[in-house]
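Remarks on the overall topology
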Amino acid sequence: MAIGDAGMSFDEGSAEKPEDLNNDGEKGITAEYLMTEYDLARKRTKGWIANSSEIVKKYESGESSMKRGGKNNKHNILYSNTETQRPSLYNDKPIPDVRRRYRDKDPVARRISEMTERCLNYTMDDYDWDDLASDIVLDFLLVGRPMTRIRYLPEFNNVPEEREEFEEGEQPEDAEYDDVKQVHFSTYEEYDELTDERVACELVQWDRFQHGSGRKWEELPWVAYDHFFTKDEFEENFPKFNDKGKRLTYGDDDSASRLHNESKSLEDKRRDASVLKKIKVIEFWYKPTRTIYFVAPTDSITIKEEEDQLGLEDFFPSPKPVFAIDSTSSMIPIPEFMAYKDQSDELDRISQRIQKVISAIKARGVYDASLGIERLFNEDDNKLIPAENTSRFVETGGLANGIWMLPIEVFGNVLDKLYIAREQTKAVIYEIIGLSDIVRGASDPRETKGAQQIKSQWASSRIKRKQYRIQKYLRDILRMKAEIISTKFSPETIEKMTGLSFDVEGEVDPKTGQRQMLSPRDKTIEIMQDDVIRGYRIDVETDSTIAGMLESDQQNITRLLQGIAQYVQGMGGAVASGFIPPKSATQILLAGIRKFKFGREVEDAIEAIGDQPPPDQNKEDPEVAKNKALLQIKQEELKLKQQEMQMKSQMKSQESQAGLQLDQQKAQTEYQIAMQEMKAEIELEREKVMNEMALEREKMKAEIAMDYEQMRAKLEIEGEKAEGMVEIAKVKAVQTNNEREEDE
């Protein structure tokens, strides 16, 4: 039996539908049903919450019931292991990598990918991402399950009601008429104008999250987040709440804790202490109806009920959690520390015994009181004390026979064995969690290189598995943020945030001189906001989750290109001689390429090469061919002009053969001049080409000569400076000698 919110009793699994647990025949999902489910969830996780609280306190070196045999002299192996793994699991901000899923030529998907990636980069810089990721890793290592949630944060500006008046004849059809002012007018109601949009991820305190029953995340019917509000915060978050005569109870949640079989420790009370009274509100995300309920557990009241505003594919505002220790039968986390808790307790006991043995190892003993040597133990170094009873010293055989020290060799042997036992216990702990001495930066110098490599290999495999799970969890956070950006952000916000337009344009059309419109704005927005189509065409990853794939692809591409180069070089002669047809050589090459996983574009490119004829080995240089073509054009132009001049001469001779000698001579002169001009023009073009080549050579020679002269001049200047300094030094030396002679 268990006790619900309103004090009614129920048997686990006795109800057939949620309404069976409601009071007064209420329909739908009520506070009574939700709190009954919540109580069962708290019951399931009670042991985990208790263990996790003790683990956190141990990590923080606080008082804990896990400490046995005293409060001091503990070996905090939990802190050591946690701090060793934290930098390995996260040490750098991931970079979003949004790309086309199939790497094909899809300009629309490319534009959407680029816009999404820029938005994700901006939203990560909008708050302290590194602090969030560090807290995620810490909860992963301590309590076994970090929990985060994504929030969509739009900002609005209130626009007050506005009245617009119109001149006669300019008013719209639905305008009203003011009889007093005798004018037409329209009234615009007050509204909230969207000014900015943000999407952020926040850490949920590990003990303020609960979920329904299920073995996997996909099976959960609901999740819940605990909140504590002061009265002002409550009224700000729920301004439209109507208590309908029911008075909400403010204060700490002790009453709710007692009602739901919970107990707050003194440490929890100190953590949540506040001068202001608070009310506990539980936020339920109920998946079957895609509805959010806010419930006050102390008073069993549904404060607010709202429809799903995010519209996420998986409904819940939190990504699928990552667990330190996986389980196929339960969603209850298992802290990593629980795997070696017994060894940790043993390590604490050994450390306490070591401290006790060290305290027992002291220079203690007894002496013969008749010798009068009490002062001997209190004097300073090199101090001689007069003996009062020398005859007694002679009888006992000296000072050594008058003092008997407590033997400490036994304590030393025990201490050595305790130290060995502690190291063996630590080795067992490191073996359990996979932290070898290589990972911790410590190694036995007596070990061989092979032994250290084996340790490093197996230790890194354990760490890499944890690294991938954390990277995957951070990737899932970015995917949820990308989904909210695509479906909730306004197109204007996305364009302002990225500096890109939803209009996807292609290349310039040579006929019209305008760019082709590949996808208009509305069509691109429609594709981006459609979860199914967007998922088909783009993929959201991070640089850390695809680093291994990219490295493998780069290595394979390098090997492929080297293999193609060797194949072409070896097969080129056989193809050129006709021994092997080009198509057959291409098919052999494709057979090898298909062993590499690169996609169809590589095969298509190779197949396109196969049908092309082999290149002409005697093909003329393009630049030389261009110059020859220019000369040929000039020669053709000269021939045309010659023909034209001849035709003109013939026509003139036919018109008048007599008395036109002067004109004929003039025409012949013009013809000769034109011929000379054309020849001169051809020669100029030829000389221009040759001169340009000569100028380039001379320019290079001049630059080399100039550099040489500058270097030689610099060396000469440096040499003259050195000689000048030597001369100055000689003059100064002569002056100094003269001054000395004058002084003498």
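Before reading further, recall that the structure is shown in the block above.
Starting from 1, residues in each chain are numbered consecutively following that chain's sequence as written. Local features in a predicted model are, by the rule used here, given only for residues with pLDDT of at least 70; side-chain atom pairs are given and counted only at 80 or more, and totals for whole chains, interfaces and linings are based on all residues. Working from all heavy atoms in the structure, the side-chain values ignore hydrogens and water.

1. Observations regarding unusual backbone geometry
This is how it is decided: Secondary structure follows DSSP: runs of H or I at least 4 residues long count as helices, runs of E at least 2 residues long count as strands, and numbering of each begins at the N terminus. To sort residues, take the accessible area from a 1.4 Å probe on protein chains only and compare it with the maximum for the residue type: under 20% means buried, over 50% means exposed, and anything in between is partly exposed.
Positive phi, normally seen in glycine, also occurs at Arg 290, with a value near 50°. Among the structural elements, Arg 290 can be located in the loop between β11 (279–286) and β12 (291–296). Relative accessible area serves as the criterion here: at 31%, Arg 290 is assigned to the partly exposed category. Phi is positive for Phe 315, which is not a glycine, with a value near 70°. Note on placement: Phe 315 falls in the loop between β13 (301–307) and α9 (341–360).

2. Focus: the sheet that holds strand β5 (residues 162–166)
The following threshold applies: When DSSP finds two or more bridges between a pair of strands, those strands are recorded as paired. For every element, the axis is a line fit to its C-alpha atoms; helices are fit only across the contacting stretch, and the angle between N-to-C directions ranges from 0 to 180 degrees.
The strand order across the open sheet built from 3 strands is β5-β7-β6, with neighbouring strands paired in antiparallel fashion. At either end of the open sheet lies a strand with only one pairing partner, and these are β5 and β6 (176–178). Within this sheet the neighbouring strands show an average axis-to-axis angle of 40°, counted without direction. Strand direction decides the pairing type here: β6 and strand β7 (residues 183–188), joined by 3 bridges, are antiparallel. Bridge pairing in β7 places Asp 178 opposite Val 183.

3. So, the packing of helix α3 (residues 77–89) against helix α5 (residues 129–142)
We count it as follows: The scheme is simple: roughly parallel for angles under 35 degrees, roughly antiparallel for over 145, roughly perpendicular for 65 to 115, oblique for anything else. Helix crossings get a hand from a simple test, with the near helix turned counterclockwise from the far one by less than a right angle marking a left-handed crossing and a clockwise turn marking a right-handed one. A contact between two residues is defined here by any heavy atoms of the two lying within 4.5 Å.
It is the contact of α3 with α5, at a shortest axis distance of 10 Å, that shows an interaxial angle of 135°. Put simply, α3 runs oblique to α5. Every pair of crossing elements has a handedness; the one defined by α3 and α5 is right-handed. On α5, the residues touching Leu 78, Thr 82, Gln 85, Arg 86 and Leu 89 of α3 are Ser 134, Val 137, Leu 138, Phe 140, Leu 141 and Leu 142.

4. Details of a negative patch on the surface
Formally: Patch rule: a residue counts if its relative accessible area is over 30% and it has no salt bridge; like charges are joined within 9 Å, and nonpolar side chains (Val, Leu, Ile, Met, Phe, Trp, Tyr) within 5 Å. The method behind every accessible area is Shrake-Rupley, applied with a 1.4 Å probe, and residues are considered shielded solely by the protein chains displayed. Any carboxyl oxygen of Asp or Glu within 4 Å of a side-chain nitrogen of Lys or Arg constitutes a salt bridge here. Two residue types count as positive, namely Lys and Arg, and two as negative, namely Asp and Glu; His and chain ends fall outside the count. Where a charge lies is defined by one atom per residue type: Lys uses NZ, Arg uses CZ, Asp uses CG and Glu uses CD.
A cluster of acidic residues, Asp 92, Asp 128, Asp 130, Asp 131 and Asp 543, forms a negative patch at the surface. Along the chain, Asp 92 turns up in the loop between α3 and β3 (96–100). Since its relative accessible area comes to 57%, Asp 92 is described here as exposed.

5. A few points about helix α1 (residues 31–44)
Put simply, the test is: A helix is expected to span 1.5 Å for every residue after the first.
For α1, spanning 14 residues, the distance from its first C-alpha to its last is 20 Å, which sits close to the expected 20 Å at 1.5 Å a residue. Counted residue by residue, α1 has 12 buried out of 14 residues, so it is predominantly covered. Within α1, burial applies to Ala 31, Glu 32, Tyr 33, Leu 34, Met 35, Thr 36, Glu 37, Tyr 38, Asp 39, Leu 40, Ala 41 and Arg 42.

6. Quick look at the sheet that holds strand β9 (residues 209–211)
The 5 strands lie next to each other as β9-β10-β11-β12-β13, forming an open sheet whose pairing is antiparallel. Looking at strand neighbours, the two that pair on one side only are β9 and β13, the edges of this open sheet. Here the strands of the sheet are splayed against their neighbours by 20° on average, with no regard to which way each runs. Relative to β12, β11 is paired through 5 bridges, and the arrangement is antiparallel. Following the sheet pairing, Ile 282 is matched in β12 by Val 295. In this fold α1 packs onto β9, β10 (222–229), β11, β12 and β13, with an angle of close to 95° to the strand it touches most, β11.

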